[in-house]
Amino acid sequence: MTRFNLSDWALRHRSFVWYLMIVALIAGSFSYMNMGREEDPNFSIKTMIIAAALPGADIEDTRAQVTDRIEKKLEELDTLKATRSVTAAGRTVVYVDLLPTTPAAQIPATWQRVRNMMTDIQADFPAEFAGFQFNDSFGDVFGNIYAFTADGFTPRELHDYVETVRTEVQSLPDAGKIDLIGVREEVIYMEFSVRRMAALGLNKQQVVATLASQNALVPSGVIDAGDEQVIVRVSGQFDDADSLAAVNLRVGDRFFNVGDIATITRGYKDPADALFRVNGKEGVALAIGMKQGGNILDFGEQLKDMMTEIQAKLPVGIEMQQVADQPDVVEHAVGHFIQALMEAIGIVLLVTFVSLGMRAGVVVTLTIPLVLAITFVILDYYGITLQRISLGALIIALGLLVDDAMIAIETMISRLELGESLTTAASYAWTSIAFPMLSGTLVTVVGFIPIGLNNSAAGEFTFSLFVVIAVSLMVSWVVAVLFAPLLGVTFLPEKGHHHDSGPGRIRRAFHVLLRRTMRAKWLTVIATLAIFACSIWGMKFVEFQFFPSSDRPELIVDVTARQNSSIIETEAQMDRLEATLQGNPDIDHWTSYVGRGAPRFLLTLEGPTPGPYLGQLVIQATDTEARDRVRAQIDGLADQFPGVELFTKLLELGPPVGKPVQYRLSGPETGIVRDQARLLAAALSQDDRLTNISLDWSEPARVVRVEIDQDKARQLGVSASDISSVLNGVFNGQTVTQLRDSTYLVSVVARGDTNDRQSVDALHGMQLQGNGGASVPLLSLATLKYDTEQPMIMQRDRLPTITVKASVATKDQPISVVQDLAPQIDALRSTLPIGYKIEVGGTLENTNESTGPIVAVVPIMVLLMTFLVMIQMQSFRLSLIVLSAAPLGLIGVVAALVPSGAPLGFVAILGVLALVGILIRNSIILVHEIEELRRQGRSRWDAVFEASDSRARPILLTAAAASLALIPIARQVFWGPMAYSMMGGIIAGTLVTLIFVPALYLLVYGVKPPKEGAVE
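Residues numbered from 1 in each chain as written. Predicted model: local features only at pLDDT ≥ 70, side-chain atom pairs only at ≥ 80, totals over all residues. Heavy atoms only, no water.

The name given to the protein in an unreviewed UniProt entry is Multidrug efflux pump subunit AcrB, and the organism recorded there is Thalassovita taeanensis.

## Here we look at the overall build of the protein
What counts is decided by this rule: Segments assigned H or I by DSSP are reported as helices when at least four residues long, segments assigned E as strands when at least two residues long, and all are numbered from the N terminus. Residue burial considers only the protein chains on display, and all accessible areas are found by Shrake-Rupley using a 1.4 Å probe. When charges are counted, Lys and Arg are positive and Asp and Glu negative, with His and the chain ends excluded. Charge positions are represented by NZ for Lys, CZ for Arg, CG for Asp and CD for Glu.
The helix and strand tally for the protein stands at 35 helices and 30 strands. With respect to the principal axes defined by its C-alpha atoms, the protein has extents near 130 × 80 × 55 Å. Working note: accessible area of the protein is about 44,100 Å², and carbon and sulfur atoms make up 56% of it. Side chains of the protein give 82 positive and 106 negative charges; the mean places of these two sets differ by 9 Å.

## What about the nonpolar core?
Basically, it comes down to this: What we call a nonpolar core is a set of buried Ala, Val, Leu, Ile, Met, Phe, Trp, Tyr and Cys residues that are connected through their side-chain atoms within 4.5 Å. Partly exposed residues are those whose accessible area sits between 20% and 50% of the maximum for their type, while under 20% is buried and over 50% is exposed, using a 1.4 Å probe and protein chains only. What counts as a domain boundary in this text is fixed by an automatic or database domain assignment.
Within the largest apolar cluster, 167 residues are counted, with the highest numbers of intra-cluster contacts made by Ile396, Leu465, Leu492, Ile920 and Trp975. Considering every element that reaches this core, the biggest residue donor is helix H13 (residues 388-417), with 18 residues. No fewer than three residues from each of domain 1 (1-34 + 357-492) and domain 2 (513-541 + 875-1009) sit in this core. Counting 34 residues, the second largest nonpolar core, distinct from the first, contains Ile49, Val93, Tyr95 and Trp697.

## Some details on the environment of Pro610
Put simply, the rule is: Working rule for contacts: check all heavy atoms of both residues, and any pair within 4.5 Å makes them a contact.
Among the secondary structure elements, Pro610 is positioned in the loop between strand S17 (587-594) and strand S18 (614-621). For Pro610, a relative accessible area of 54% translates into the label exposed. Expressed as a C-alpha distance, the spacing of Pro610 and Ala274, which sit 336 residues apart in the sequence, is 8.5 Å. Aside from chain neighbours lying at most four places away, what touches Pro610 is Gly595 and Arg596.

## Structural notes on the domain arrangement of the protein
It is common to report an interface's size as the accessible area lost on association of the parts. Note the threshold: By buried area we mean the combined loss of accessible area, with a 1.4 Å probe, across both parts when two parts are placed together. Distance and chemistry together define a polar contact, namely a pair of N or O atoms within 3.5 Å, with one atom able to donate a hydrogen and the other to accept it when in protein, and with adjacent residues in sequence counting only for side-chain atoms on both sides. Classification used: nonpolar for Ala, Val, Leu, Ile, Met, Phe, Trp, Tyr, Cys and Pro, charged for Asp, Glu, Lys and Arg, polar for all others including Gly.
Domain parsing of the protein yields domain 1 (1-34 + 357-492) and domain 2 (513-541 + 875-1009). Distance between the C-alpha centres of domain 1 and domain 2: 23 Å. Counting from both sides, the interface comprises 34 residues of domain 1 and, opposite them, 27 residues of domain 2. Interface of domain 1 and domain 2: buried area, both sides summed, is about 2,700 Å²; carbon and sulfur atoms make up 73% of it. It is Ile395, Ile396 and Glu410 that lose the most area in domain 1 upon contact with domain 2, and together they represent 19% of the buried surface on that side. Counting every contact that joins domain 1 to domain 2 gives two residue pairs in polar contact (both at pLDDT 80 or more). Among the secondary structure elements, those contributing two or more residues to the side of domain 1 that touches domain 2 are H13, helix H15 (434-446), helix H16 (449-452) and helix H17 (457-461). Looking at the side of domain 1 that touches domain 2 residue by residue, the classes come out as 18 nonpolar, twelve polar and four charged.

## A few points about the pattern of salt bridges
To keep it simple, the criterion reads: Whenever a carboxyl oxygen of Asp or Glu lies within 4 Å of a side-chain nitrogen of Lys or Arg, that contact is scored as a salt bridge.
Scanning the model with the defined rule gives 40 salt bridges in all. When the shortest N-O distance is used, the salt bridge between Glu163 and Arg166 registers 3.7 Å. With a gap of three residues between them, Glu163 and Arg166 both fall in helix H5 (residues 155-170), about one helical turn apart. Take Arg166: its relative accessible area is 25%, and that puts it in the partly exposed class. Taking the shortest distance from any N to any O, the salt bridge between Arg277 and Glu578 comes out at 2.4 Å. Here Glu578 lies in helix H22 (residues 567-579) and Arg277 lies in strand S13 (residues 275-278), a separation of 301 residues in the sequence. Classification of Arg277 as buried rests on a relative accessible area of 4%. In this structure Glu578 comes out as buried when scored by relative accessible area, which is 3%.

## Brief notes about the packing of H13 against helix H18 (residues 463-482)
What counts here: Note on geometry: axes are C-alpha line fits, over the in-contact stretch for helices, and angles between N-to-C directions span 0 to 180 degrees. Our angle categories are set so that under 35 degrees counts as roughly parallel, over 145 as roughly antiparallel, 65 to 115 as roughly perpendicular, and the remainder as oblique. Two helices that cross are described as forming a left-handed crossing if the nearer one is turned anticlockwise from the farther one by less than a right angle, and a right-handed crossing if clockwise.
Here H13 crosses H18 at 20°, and the two axes come no closer than 8 Å. Classed by the angle they form, the pair H13 and H18 counts as roughly parallel. In this structure, H13 meets H18 at a crossing whose hand is right-handed. Facing Ile389, Ser390, Ala393, Leu394, Ile396, Ala397, Leu400, Leu401, Asp404, Ala405 and Ala408 of H13, the residues of H18 in contact are Ser464, Leu465, Val468, Ile469, Ser472, Leu473, Ser476, Trp477 and Ala480. Here the residues of the contact of H13 with H18 are counted per class, giving 15 nonpolar, four polar and one charged.

## A few points about H15
Note on helix geometry: an α-helix contains 3.6 residues per turn, so any two residues three or four positions apart are oriented the same way. Short version of the rule: In a helix, the anticipated span is given by 1.5 Å times the number of residues less one.
Over its 13 residues, H15 extends 18 Å from the first C-alpha to the last, a length consistent with the 18 Å expected when each residue adds 1.5 Å. For H15, the set of buried residues is Ala434, Pro436, Met437, Leu438, Ser439, Gly440, Thr441, Val443, Thr444, Val445 and Val446. Its buried side turned inward, H15 meets H13, helix H14 (422-432), H16, H18, helix H29 (842-873) and helix H32 (906-935).

## A look at the sheet that holds strand S7 (residues 186-192)
Let me state the cut-off plainly: The pairing criterion is simple: DSSP has to find at least two bridges between the two strands.
Strand order across the open sheet formed by four strands is S12-S7-S24-S23, with mixed pairing between neighbours. Strands with a single pairing partner mark the edges of an open sheet, and in this sheet they are strand S12 (262-268) and strand S23 (734-741). Within the sheet, the average angular offset between the axes of one strand and its neighbour, ignoring direction, is 25°. Pairing of S23 with strand S24 (residues 744-752) involves seven bridges; the strand directions are antiparallel. By the bridge assignment for S24, Arg740 is matched with Leu745. Along the sheet, H5 makes contact with S7, S12, S23 and S24, crossing S24 at roughly 155°. Across the sheet, helix H26 (residues 720-731) is in contact with S23 and S24; its angle to S24 comes to roughly 115°.

## Observations concerning the environment of Glu228
By the element assignment, Glu228 lies in strand S9 (residues 228-231). Judged by relative accessible area, Glu228 falls into the partly exposed class, the value being 49%. Once the C-alpha coordinates of Glu228 and Ser137 are considered, the two residues, 91 residues apart in sequence, prove to be 50 Å apart.

## Examining unusual backbone geometry
Here the residue pair Asp270 and Pro271 is connected by a cis peptide bond, since its omega of 0° sits within 30 degrees of zero. Along the chain, Pro271 turns up in the loop between S12 and S13. Within the chain, Asn692 stands out as a residue other than glycine whose phi angle is a positive 55°. Here Arg798, not a glycine, exhibits a phi torsion of approximately 75°, which is positive. As for its placement among the helices and strands, Arg798 is situated in the loop between strand S28 (793-796) and strand S29 (799-808).

## Some details on the side chain of Asp97
Checked against the element boundaries, Asp97 lands in strand S3 (residues 91-98). Overall, Asp97 belongs to the buried group, its relative accessible area being 9%. Within the local environment of Asp97, its side chain forms a polar contact with the side chain of Arg84, the two groups lying 2.5 Å apart. The residues touching Asp97, leaving out its near neighbours within four places in the chain, are Lys46, Thr47, Leu80, Lys81, Ala82 and Arg84.

## Description of a negative patch on the surface
Test applied: A patch consists of residues exposed above 30% relative accessible area that lack any salt bridge, with like charges linked at up to 9 Å and nonpolar side chains (Val, Leu, Ile, Met, Phe, Trp, Tyr) linked at up to 5 Å.
A cluster of acidic side chains, namely Asp298, Glu301, Asp305, Glu309 and Glu331, defines a negative patch on the protein surface. It is helix H10 (residues 296-313) that contributes the most residues to the negative patch, four residues altogether. Relative to the elements of secondary structure, Glu301 occurs in helix H10. Take Glu301: its relative accessible area is 51%, and that puts it in the exposed class.

## Comments concerning the packing of aromatic side chains
Rules: To pair, rings of Phe, Tyr and Trp, with the six-membered ring standing in for Trp, must have centres within 6.5 Å; the planes then decide the type, stacked if under 30 degrees apart, edge-to-face if over 60, and tilted in the middle. To sit over a ring, a charge needs its Lys NZ or Arg CZ within 6 Å of the ring centre and within 35 degrees of the ring normal.
Taken as a whole and judged by the stated rule, the model has 17 aromatic pairs. Ring geometry for Trp430 against Phe435: centres 5.2 Å apart, planes inclined by 65°, an arrangement best described as edge-to-face. The class of Trp430 is buried, set by a relative accessible area of 10%. A residue is classified by how much of its surface remains accessible, and Phe435, at 36% relative accessible area, is partly exposed. Among the aromatic residues, ring-to-ring pairing joins Phe125, Phe129, Phe132 and Phe134 into one connected group. Directly above the ring of Phe974 sits Arg388, whose terminal nitrogen or CZ lies 5.7 Å from the centroid. One residue, Lys659, lies across the ring of Phe647, its end atom 4.9 Å from the ring centre.

Dropping the structure here:
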């Protein structure tokens, strides 16, 4: 009984196989058109936000009674990486960071568990605790942002128009979460004079209670009058500011009109919590997200059509401008990658035709669309989109996926040259080389396993690289043994051409080199190992990098004022900065956010915790060169903004980092942490490579402490809570009731007048109401003390933690800078008191978190590789020879990276690991050929020489195709380092396979060269 031969089966069922090829091409075309498009792949944001409030508490009470309770409970979470908290007086925000290895599928259940944990401890908080707010959609992306500005319209009218637009956009099938940013909240202010109220004997709480009770919604009953029901309605609810002013108050026998004792105005919250501007003009932003699984290009087209119609209907004076257009960015990004893919295909075809000739080149050429088509079908089925990683992976795989077809056609041609028929020659590849090719293909796929099993954020980001390469390479093997034989029979001539003229000049030169290295096998092996040792030493000259910055034209500017700054001061600083941008021809437009950061219009953009002291600009430059000029301009303005940090940054590729050089200093005492952090910052400032050195918190704020004489206060009928309530009502305001206006609720806020609430001196004249309505001066029962305290405290894992951050001013990589600073940091660490520590954050920490899972998976990769090699070789010595070539690709990696100056980034490391599989694959095919010739009766020496000679062309062709196909992506910021690494590694690996492996084989088996003059 003969063994099954798939290639022979294909030749006996030609019509069916042609049908399969046609179906594959058609299905692949449809799948390609159906696949989603993205700029970058998605990855899970493993962070949740918990906000909580304890009104009236100072910062230490808030930290002890709220923040610490939350963080302590969260320590029970088994997937917790760390907690980060920002505590201010009366409020706290806690960030829950999960371990980077937490599977994405477990995250929703984890967030629900966090909610349950907070519910469990809510009873443990003080009675004044105001509850939790949760945000587990921290990673929502708003890829389309439209800015609306108005001239001649009130903020309320603009809000109404934008709400109408929001309703229409929400009707789109793929429309997801939609937010409005920069909406000015309507408020009715009742501004009282404290002195006047006290002089008239009025109690503010009485006024508040009267207004609230009149405006309350209370059921007034339904009369069941026999055969019908009659609804009873009670009037009195307020409908505008005038109805409030018309209310009369009775105190004893006297009546007072509210409008006589308070100034009532309808306006907007002052100061605002956050502001949005476009090109310096205040407006409202409509941030639009897309549902999971939607096609960003189709959604973008639908949205643009709708917004064009909406814009035509807007009244004169309201302008609309799109300030974030993710579909357009994706379309251009995918277009550029498709162009690079076409260029790579052209390069591979050129190599194929030049090396194999026209007919054989046509056969190999036809396998490329077949492999790509079947690959697209599988990728589409599993939901892999076309984006930076998957398209780059296709380009990387392109040079590898033609390898099997080249080997199959080369084998077929060699059999034709021996006089075999087309059918016999086409079937021979299955019996001779199919399974070594399969072993080699599987080994190459295994080389990418560290990507597939890396469940960190960076691993999730690059996961499609593994899927695309694994699928395309396995498909290429199937195409080589199923479709290529039929294509060869169809297009190759029936008789092979015998090369009686002998080898050409290049081949003769290779013969000379091969014989010499085989004779000097010891020298060859030792020299190769010496060069490998030099490459290991040369690694110290290679810069390391996490992910590069984006090549998009956006520029982000973080504006950070002193942490006790008001939003009014921050807005003024932003006004000054934006004035410098007016009329700049390098800028297309810009948007600014005061009191908050920009919405996440890109997944890798991570905004700051909102606060009145910060702002952010998103500048859209005309191109990357213009972006760099604008960045230099803003960096040069630092001296003009004393006390304000202007930090310019680019969008990031991969998981966000922020400032790349970071150190965290933690300890139990806030004061000591602050002092030590300043020493750390001073140490960093000694390095000229660092700039924008900052501490995320440290500056204290001024505090006025009202020290109450409790006995006197009781004597006068005033309590501490009465005093706090009055002071809060004067300075911050107290919500009295809410006006129901259409779909809006307009808060009515009672507060002190301008003179009372905007000056510390107002405390000196503050009047309270005591027993019998008598006026009591505040200073008659209290003294004022001036002090300082932290406006905020940041913690990590329940310890006060200050992060000292810096950016790199030179072209040095952050990881290299941190490594150079290690001795100084260790010296400072040794001087810290017990219980205090310094940890490295930033780029180095993210790199370690991402490469750690890779290192953990490498043993599995090695085990699988050795397993596959042993299955194929069935010999320890042969397996040793094959595996010894694996690490030697490092020679080419170092030789490529050091002269080019390209850094070894996270993606480049993945490429280096993949080289191991590629080199082992070539070695398997070469050693298998040697053993085949041995079985045919050749001596070991002759078998090594003939196998190296016969395998040289396909190995060189594969190396040329695989390395030259990387040229189109070598120019790109993201793929450049990986392309250089793999090109150098493949070239060096080819020489290793053809020179080192034969010499090592002879050395391992103790083969002696034939005597001089003997026929070799």
